[in-house]
Amino acid sequence: MSEPATLEIISDNISEDEVIFPPGDILSDEPPLESDLHREQIDLLIRILKLWWRERQDFYASGNLTIYYSPNQKKSEYFRGPDFFVVLGTQKKDRKSWVVWQEDGKYPNLIVEILSSSTTAVDKGLKKQVYQDTFRTPDYFWFDPVTMELQGFHLVDGKYQEIQVTTDGRLWSQQLELYLGVYEGKLRFFTTENQLILSSEELAEQERLRAEQAEERAERAEQEIARLREALRIQGIGLENI
C-alpha cells in the first residue's frame, strides 16, 4: 500500500540519467503492511487464486508489489503498489516487481486495494483515477477488513462504472470470471454457481472430515452386522442356513 509515487533522492554527484537499473531485476519498493489483518487478507487472495488456477500458465497474481510504469522506463519516476493484482495473458513466474516496459506494456487486469485509515482517501481517489486513466485496469475493487465495505468498478468506455451487488452481496469480476464477496470477515472468491472457492487448508479440513465420516459409517455398518449376527445366533439360526 505505497504512498503516491515520488521521485527517488539521487546523489548530487550523479545525474538521474546516469543511474542505470539492470533490466528485469528491479526490486519492489513497498513499505511494510499496516497490520496482520491486511497481510493475511492479501496472502489469502493470492494463495486461493493460484490454487484455483493451478493448471493455468498464463497469468501473474501478486500483492503489495511495486508496479513500475514510467513512460521513460525509469524506476525513479512513476510506480504504484496495489495490495492485490492479477495480470492475464502473461507468463506465470516469480518476479521481484512488475515492470510494465519489460512486460510487453501490460498492466493489471484486476486490482484490489485493502482499505485502512491511512490509505482510504488515496485508494478511493488518486489511485482509482490512476487505475482508470493510466493503467486502464478493467476491474477495480476495494475492501475494508474492519467495516466490511466492499465496492467494485468495471471500466466502460474509459470510465469506471460501479458494479452492481448481487442479492448475495457479491460483486462480479469479468476479468476473473468469479464473484468477490465477504465470507467470515474475509474477502473471498466464489464460482459462477456461488460456491466458495476453498483454500488449501480448507480443502485439507474438508478431506479430513470426509475421511472421519467414512470411518464412522464403516464402524456403524460393522456394528449393525454384528448385531444381526447376534440376533440370528440367539434364534439358533446359523449364517450357513441363510
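Residues numbered from 1 in each chain as written. Predicted model: local features only at pLDDT ≥ 70, side-chain atom pairs only at ≥ 80, totals over all residues. Heavy atoms only, no water.

Novice: Where do I start with the pairing of strand β4 (residues 84-88) in this structure?
Specialist: Successive residues of a regular strand alternate their side chains across the two faces of the sheet. Counting buried residues in β4 gives five out of five residues, a clear majority hidden from the surface. In β4, alternate side chains face the same way, and those of Phe84, Val86 and Leu88 on one face and Phe85 and Val87 on the other are all buried. Here four bridges tie strand β1 (residues 59-62) to β4, and the two strands are oriented antiparallel to one another. Residue pairing across strands places Phe59 opposite Leu88, the latter belonging to β4. (Buried < 20%, exposed > 50% of the residue type's maximum accessible area, 1.4 Å probe, protein only. Helix = DSSP H or I, 4+ residues; strand = E, 2+ residues; numbered from the N terminus. Pairing = 2+ DSSP bridges.)

Novice: Please clarify how the sheet that holds strand β5 (residues 98-99) should be interpreted in this entry.
Specialist: In any sheet, the strands associate via hydrogen bonds between backbone groups, in a parallel or an antiparallel arrangement. Pairing in this open sheet of three strands is mixed, and the strands run β3-β2-β5 from one edge to the other. Strand pairing shows two members of the sheet lacking a second neighbour, β3 (79-80) and β5, which therefore form its edges.

Novice: Before we go on, may I ask you to explain the nonpolar core in this structure?
Specialist: One recurring pattern in soluble globular proteins: nonpolar side chains tend to sit buried together. In this structure, Leu49, Phe84, Val86, Val112, Leu176 and Phe189 are the most contacted members of the largest nonpolar core, which totals 26 residues. Those elements that place two or more of their residues in this core are α1 (36-52), β1, β4, β6 (110-114), β7 (139-143), β11 (178-183) and β12 (186-190). Top contributing element to this core by residue count: α1, with six residues. Excluding its chain neighbours within four sequence positions, the residues that come into contact with Val112 are Leu45, Asp83, Phe84, Phe141, Leu180 and Leu187. (Core = buried A, V, L, I, M, F, W, Y, C linked by side-chain atoms within 4.5 Å. Contact = heavy atoms within 4.5 Å.)

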